[in-house]
Amino acid sequence: MSGLQIPCRPGAAAGCPYTGRVSSSSASTSLAPPLQRLLLQTADAVQAVREGQSLTAVLARCPQELRPGTQALSFHVLRLLGAAQAARAQLAPKTPPPKVDSLLTVALALLWPAATPPYADHTVVDQAVSAARKRAPASAGFVNAVLRRFLREREAVVQAAQREPQGEFNHPPWWIERLRQDWPEHWQAVLRANNEHPPMSLRVNARHGDAAAYLQRLAAAGIAARALGALAPQAVVLERAVPVTALPGFAEGEVSVQDAAAQLAAPLVVQAWQDLPPWPQAPGCWTPARPRAAKPPICWNWPIWSCWPWTPTRSAWSASRTTWTACTSAPV
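Residues numbered from 1 in each chain as written. Predicted model: local features only at pLDDT ≥ 70, side-chain atom pairs only at ≥ 80, totals over all residues. Heavy atoms only, no water.

1. Re the overall build of the protein
If you tally the helices and strands in the protein, you get 13 helices and 4 strands. Per-residue burial for the protein yields a buried fraction of 38% across its 332 residues. Pairs at least 24 residues apart make up 57% of the contacts formed inside the protein by residues separated by at least 6 positions. Here the protein has roughly 18,800 Å² of accessible surface; of this, 56% comes from carbon and sulfur atoms. (Helix = DSSP H or I, 4+ residues; strand = E, 2+ residues; numbered from the N terminus. Buried < 20%, exposed > 50% of the residue type's maximum accessible area, 1.4 Å probe, protein only. Contact = heavy atoms within 4.5 Å. Areas by Shrake-Rupley, 256 points an atom, 1.4 Å probe, with all protein chains shown as cover.)

2. Description of the packing of aromatic side chains
By the definition in use, this model includes 3 aromatic pairs. Ring geometry for Trp174 and Trp175: centres 5.6 Å apart, planes at 70°, overall edge-to-face. Here Trp174 falls in the exposed class, since its relative accessible area comes to 61%. On the basis of relative accessibility, which here comes to 33%, the residue Trp175 falls in the partly exposed class. (Phe/Tyr/Trp six-rings, centres within 6.5 Å; stacked < 30°, edge-to-face > 60°.)

3. Quick look at helix H3 (residues 67–79)
In this model H3 runs 18 Å from its N-terminal to its C-terminal C-alpha over 13 residues, within 8% of the 18 Å that 1.5 Å per residue would give. Where H3 is concerned, the buried positions are Gly69, Thr70, Ala72, Leu73, Ser74, His76, Val77 and Arg79. Close packing links the buried residues of H3 with helix H1 (35–50), helix H2 (55–60), helix H4 (81–91) and helix H5 (98–111). (Expected span 1.5 Å × (residues − 1).)

4. What about the packing of H1 against helix H6 (residues 121–135)?
Packed helix pairs are specified by the crossing angle of their axes together with the interaxial distance, meaning the distance between the axes. The N-to-C vectors of H1 and H6 enclose an angle of 70°; their axes lie 8 Å apart at closest approach. Relative to H6, the element H1 lies roughly perpendicular. As for the relative orientation of H1 and H6, their crossing is right-handed in sense. Across the interface between the two elements, Leu35, Gln36, Leu39, Leu40 and Asp44 of H1 pack against Thr123, Gln127, Ala128, Ser130, Ala131, Lys134 and Arg135 of H6. (Axes fitted to C-alpha atoms, helices over the stretch in contact; angles between N-to-C directions. Parallel < 35°, antiparallel > 145°, perpendicular 65-115°, else oblique. Left-handed = near helix turned anticlockwise from the far one by under 90°.)

5. Here we look at the nonpolar core
Core analysis: the largest hydrophobic core is formed by 44 residues, its most contacted members being Leu39, Val106, Leu108, Trp112, Val143, Leu147 and Phe150. Contributions of two or more residues to this core are made by H1, H3, H4, H5, H6, helix H7 (140–152) and helix H8 (154–161). Non-local contacts of Trp112, meaning those with residues more than four positions away in its chain, are made with Leu80, Ala83, Ala87, Phe150, Val158, Ala161 and Gln162. Counting residues in each nonpolar core, the second largest holds 11 residues, with Leu202, Ala211, Leu218 and Leu247 among its members. (Core = buried A, V, L, I, M, F, W, Y, C linked by side-chain atoms within 4.5 Å.)

6. With respect to H8
Of the residues making up H8, those classed as buried are Val157, Val158, Ala160 and Ala161. The buried residues of H8 occupy an angular sector of 165° when projected down its axis, which confines them to one face. Those residues of H8 that are buried lie in contact with H4, H7 and helix H9 (165–169). (Arc of directions from axis to C-beta.)

Given below as structure tokens:
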């Protein structure tokens, strides 16, 4: 889970970064919200997502001081949701009430084996039990027993959970099956890649410089990064995410945050255009002579002719129905 920063209270776990903001009030000495409060908010968020709600909408309703921590924990838990649910089903075959179930699921995800655990085991158990006392006092002992059993039997429980596709790949069964059908040779790799923490990718404004020059500016600022390559020449990928305020030239518009996949779209379209067969000529359509450096053709979808007139002053094809030329013989 490289790049994930989960807010911690001082001394919660070795190597766990503190990302909470210090209150401007001199009367407040708390550096971050108590973990039990974040666990309750995260449990509510995860439960809402399981019920079909959008995590974005749920986080928007979260108290402002808890939102950064709740978002970080929610992302972490949702990447391990299938495995955590499978483990909970092993440890407590009878499904507990939803609020207790979601709290257990969150705690199990935080206790899941990781190269760099977000919190110490005893911290997670202690704070989860404290959260249960606030949410469902009668279930606090049950939560404590389940989590401690998981710690005792963690290796066996993890292995059993990963025997199920949902527990191994942490995706819904219907989505796993769909990928299996669409990508029979690569579905496992796709699912594993989808669970990786995404890198922070930048797009260098070509009017202000290129990727190589911006890499030097990042290095001078102590930020490790690499260029993506020739296919997306303005793309830069950071080794570790940083606040945008730390990016040289961000405020001046010299660089923006954009996913690397999005930056590949236009180059791939151009590359695909180079490999297309000659375009059929529709009556009344102007079709260019297709030199290698030509713009995409006017008639794109055939045999239903759909022609977009090129406007030299614009950098995009017009796809508005009001601008169809006379050669359009069928609606698209």
